[in-house]
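Observations on the model geometry
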Amino acid sequence: KNETVTIKKTVYLLCISLENFIRMYEMSAILQFSLDVVKNRTDLLPGYNLQIICGFTQKFVSVTIFYKEFITQISNPPTKIMVIGPMFTPEAKVIAETSALYNLVEISYFVTSPQMSDSEKYPYFARTIESTALRNPAMIQVLNYFNWTKVAIISQNLDYVLPASDNLKHLLKKDNITLLSALTFDNSATQVIRQIKESAARIIIIFAGHVLARHVLCEVYRQGVYGPRHQWLIWERNAYMKLSEGKFVGMGCTKQQVLAACNFLIAFSPAKPSKEDEDTIIGDSGYTTTELRQKYSEYLDQHGYNQSILSTSAFDAIWAAAKALNASIERLQPNETIDQFTYDNNRMTKIFFNSLTNLQFEGASGHISFDEKGDRSSMIVISQHFSDGSDKEVGRYNPDDNSLTWSKQFPVRFPGGRPPPDADILITNTIKMDKVLFWVGTCFASLGIVFCTGCVAFNIYYSKLRVIKMSSPKINTLIAIGCGMSLLFIPLLGIDNHESVGSNSMCTVRLVVLVCGFTFAYGGMFAKTWRVHVIFTNKKPLKRPVRDAHLMAFVGVVLLLDVILLVAWQVTDPLVVHLFDINHEVQADGAIINRQAYICSSTYVDQWTGVLCGFKALLLIFGIFFAWETRKVRIEALNDSKEIGICVYNIMIMSFVSVPIYRLLPMQQMNMSFGIISTSVFVCTITTLLLVFGPKMQLVVTGGEKVDDCAVLPFASSVNQKKKSMVAGAMSSVVDDCRGPSTSSRC
Ligand SMILES: NCCCC(=O)O
């Protein structure tokens, strides 16, 4: 008799669904089920009975059908206190805009378009699913972290996808990150991936729905736009995660191929309860995730629904509505109850919406909280995916304090071992002479020059010795000077073209030193062999003796031709230092190493060099000819004729071997070129010096030579008597040259 019966006030939620869309049934089942769970909680909405009315549209023609259904539902009692849903962005836009006119708070559980975050247009719209733009600040942080300042975006042209990429473009601009290209596609990503492949973009972000995200990755695989040179980022791990062999039929790729393109892919997704959370009680529901799924399954069986997956965000939408209304009760005016809400009560709507956005609870889809616009705020999980199908959480982004935390357990990995550069960076590498090699060459050359100086000094000091007098000492001095100049060429060759003072002049100096050195040394030897040849091959005695002055004049003529050639070259087409691109090497991560070298060159350098080498080759050939012709001659009066012949051979062999090798070597083999040239110059000059001066020095050292007159010299046994008389005539030239003031009486 004393029992008091509490009559509960009923408040109604409204949902609008498409009748012929199977997921709508699933959704309304979920909504009903979560209401049942809510009802079990006595502390939630005490004194109220929360119910949901779903208005089903018959057939989808356009979004206006939703508008019509919405108006029908609103026009008819009972008064609805909040709207749950709808599922897709186009409908949500219409319903959110219209429901705002009726002061109705709307909570969506599936709409992810960032356009719905426009609080001016949709002031009472909230959602228990994250906006697709939520991961964009996380992407910005990751781009900044890896110093990726140039990116490209490819985006599917879909109402909840494209606005997310537009939002990212806006953030990129704010952060001074260059957007190389923003490409959109409808049904086929073939063309956009081709464009990416041909572009400079190396860091590419994919925005695409589930099915087409796989298609994008399939194209990435097919066109080979993956590996250490490209880093792909994707806005949603679920966009491609549910891979099964069957789904790839018709897409042109196997699962393994798509996974190959996914290797090292970085994905951004709102944090969801993990497997470890399965047995944790979900907030206020009183159930663990496992129990909740079981309850839901039982519920579907009881109500004759087909088996379907539990949409956790839909479950949470009902809970959010119930909790917001519950929290609003205390904030209403005295004696005011939530069922007194009318469509013109904007004050109550604001209380409801404010209570909603202040909620914090553990929902079936994870921790639920909202920002002031009604968007769900969640941690963003940054995960990395590998070709074996595995994925690892490598970091987390917290939107509350805009902070990025990297996992210590699973650090981000890159195929090249380091983050790929955001563009094909050009690393200019100037090829330089190896310093050690340069100094080794310089030391040897210096020793050689000291030896040259010694030879000249020896020649002058012992000028009165018969053996010196008889070997044309002036020509020998010329040969030694020529050898010294050739040796000087070695350090000059090794001096860096770019670093040397007056580098352009260095090109000319080098050329002059080598050409003149060659002319002095080789010209002297050539002249001497020529003299032997003239003496030995003339059938009649020479009318005029061949003196050293003639030989000097011969060298002078060769030198004059050199000078004419060099002046003509340097005046008309001067050698200057050019920076040449030697080769490009593309590294695995896209870095291009451009090897360059400073090289002396002119427009017609090859032609000039050809003329110069031709001239020298002609001299060499004649020299060889004379040396060969006189190979058996041993004329003591011309006591070094044999050695000179050997020198000529030596130079010829070195020149014919080293010049082609040098020309055939690739430009970047600077050290090798230096090694070959300096070795051949060194060997030729030192051999020449040793052959010309060595025997004379030996004679002096062993005391086998003394200052003597120019007595008739014995001929070699190989020369017959007739020749002896011929040569005797010719010998007068040498004898004349022997005659100095001090020796004239004795000759
Ligand atoms: N996650 C699907 C979102 C659908 C939409 O916003 O239209």
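Located above this text is the structure these notes cover.
Each chain carries its own residue numbering, running from 1 in the direction its sequence is written. Since the coordinates come from a predicted model, pLDDT governs what is reported: local features require at least 70, and pairs of side-chain atoms require 80 or more to be given and counted, while whole-chain, interface and lining totals use all residues. The basis for every side-chain value is the complete set of non-hydrogen atoms in the structure, without hydrogens or water.

Another aspect to go through is the pattern of salt bridges. Salt bridges are defined by distance alone: a side-chain nitrogen of Lys or Arg within 4 Å of a carboxyl oxygen of Asp or Glu. Tallied over the entire structure, the rule returns 10 salt bridges. The shortest N-O distance in the salt bridge between arginine 347 and glutamate 336 comes to 2.4 Å. One end of the pair, arginine 347, is in helix H12 (residues 346–357); the other, glutamate 336, is in the loop between helix H11 (312–329) and H12, with 11 residues separating them in the sequence. Type-normalised accessible area, obtained with a 1.4 Å probe on protein chains alone, sets the label of each residue: buried when under 20%, exposed when over 50%, and partly exposed for intermediate values. Residue arginine 347 is classed as partly exposed on the basis of its relative accessible area, which comes to 33%. Judged by its relative accessible area of 15%, glutamate 336 is buried. The closest approach of N and O atoms between arginine 396 and glutamate 393, which form a salt bridge, is 2.6 Å. Residue classification places glutamate 393 among the partly exposed positions, given a relative accessible area of 34%. Within the structure, one salt-bridge network assembled from shared partners comprises Glu130, Lys272 and Arg376. In DSSP terms, a helix is any run of H or I states spanning at least four residues, a strand is any run of E spanning at least two, and both are numbered starting from the N terminus.

This brings us to the nonpolar core. Counting 66 residues, the largest nonpolar core has Met82, Ile84 and Leu356 as the members making the most contacts within it. It is H11 that contributes the most residues to this core, 10 residues altogether. Residue contacts follow a heavy-atom distance rule, with two residues in contact if any of their heavy atoms lie within 4.5 Å. Leucine 356 has contacts with Val105, Ile107, Ala126, Ala320, Ala324 and Phe370, leaving out every residue within four places of it along the chain. Put simply, buried Ala, Val, Leu, Ile, Met, Phe, Trp, Tyr and Cys residues joined by side-chain atoms within 4.5 Å make one nonpolar core.

It is worth spelling out the packing of helix H13 (residues 435–461) against helix H20 (residues 670–702) at this point. Taken N-terminus to C-terminus, the directions of H13 and H20 make an angle of 25 degrees; their axes are 10 Å apart at the nearest point. Between H13 and H20, the angle is such that the two are roughly parallel. In this structure, H13 meets H20 at a crossing whose hand is left-handed. Here Leu437, Phe438, Gly441, Phe444, Ala445, Gly448, Phe451, Cys452, Cys455, Phe458 and Asn459 of H13 lie close against H20, whose contacting residues are Asn671, Phe674, Phe682, Ile686, Leu689, Leu690, Phe693, Lys696, Met697 and Val700. Of the residues in the contact of H13 with H20, the class split is 16 nonpolar, four polar and one charged. Fitting a line to C-alpha atoms yields each axis, with helices limited to the stretch in contact; the angle taken between N-to-C directions then spans 0 to 180 degrees. Our angle categories are set so that under 35 degrees counts as roughly parallel, over 145 as roughly antiparallel, 65 to 115 as roughly perpendicular, and the remainder as oblique. In this scheme the crossing of two helices becomes right-handed for a clockwise turn of the near helix relative to the far one and left-handed for an anticlockwise turn of less than a right angle. All amino acids are sorted into three groups, where Ala, Val, Leu, Ile, Met, Phe, Trp, Tyr, Cys and Pro are nonpolar, Asp, Glu, Lys and Arg are charged, and the leftover types, Gly among them, are polar.

The gaps of empty space that remain are located by a probe, the size of a water molecule, rolled over the atoms. Here a cavity denotes grid points, spaced 1 Å and computed from the protein atoms alone, that fit a 1.4 Å probe unable to get out, and a pocket denotes an open set having protein on both sides within 12 Å along at least 5 of 7 lines; residues with an atom within 4 Å of a point are the lining. Grid points are joined across faces, edges and corners, and a volume is the space filled by probe spheres set on the points. Counting across every chain of the model gives two cavities of 30 Å³ or more. By volume, the second largest cavity amounts to about 40 Å³. If you go around the second largest cavity, the residues you meet are Ile282, Asp284, Ser285, Phe315, Asp316, Trp319, Phe361, Glu362, Gly363 and Ala364. Looking at the lining of the second largest cavity, the elements with two or more residues in it are H11 and strand S11 (360–363). Per-class residue counts for the lining of the second largest cavity are five nonpolar, two polar and three charged.

Near is defined per residue: the residue qualifies when any heavy atom it owns lies within 4 Å of the molecule or strand. Taken together, the neighbourhood of the ligand is formed by Phe88, Thr89, Phe110, Val111, Thr112, Ser113 and Tyr160. N or O atoms closer than or at 3.5 Å make up a polar contact, with two conditions inside protein: a donor-capable atom paired with an acceptor-capable one, and, for residues adjacent in sequence, both atoms drawn from side chains. Between the ligand and the protein, one listed contact pairs an oxygen atom with a side-chain N or O atom of threonine 89 at 2.6 Å. Between the ligand and the protein, one listed contact pairs an oxygen atom with a backbone N or O atom of threonine 112 at 3.0 Å. Accessibility throughout is a Shrake-Rupley quantity obtained with a 1.4 Å probe, and a residue counts as covered only by protein chains that appear here. Compared with its free state, where it exposes 250 Å², the ligand has 88% of that area covered by protein. Here the shell around the ligand is built from residues that sort into four nonpolar, three polar and no charged.

On to the side chain of histidine 385, then. Position of histidine 385 among the secondary structure elements: in strand S13 (residues 380–385). The class for histidine 385 is buried, based on a relative accessible area of 2%. Engagement of the side chain of histidine 385 in a polar contact is seen with the side chain of serine 383, the distance being 2.9 Å.

For the purposes of this analysis, a disulfide is any pair of cysteine sulfur atoms at a distance within 2.5 Å. Within the structure shown, the criterion is met by three disulfides. Here cysteine 15 engages in a disulfide with cysteine 54; their sulfurs sit 1.7 Å apart. The chirality of the disulfide connecting cysteine 15 with cysteine 54 is right-handed, given an S-S dihedral of about 120 degrees. Here cysteine 15, found in strand S1 (residues 9–18), pairs with cysteine 54, found in strand S2 (residues 48–57); they are 39 residues apart in sequence, far enough to count as distant.

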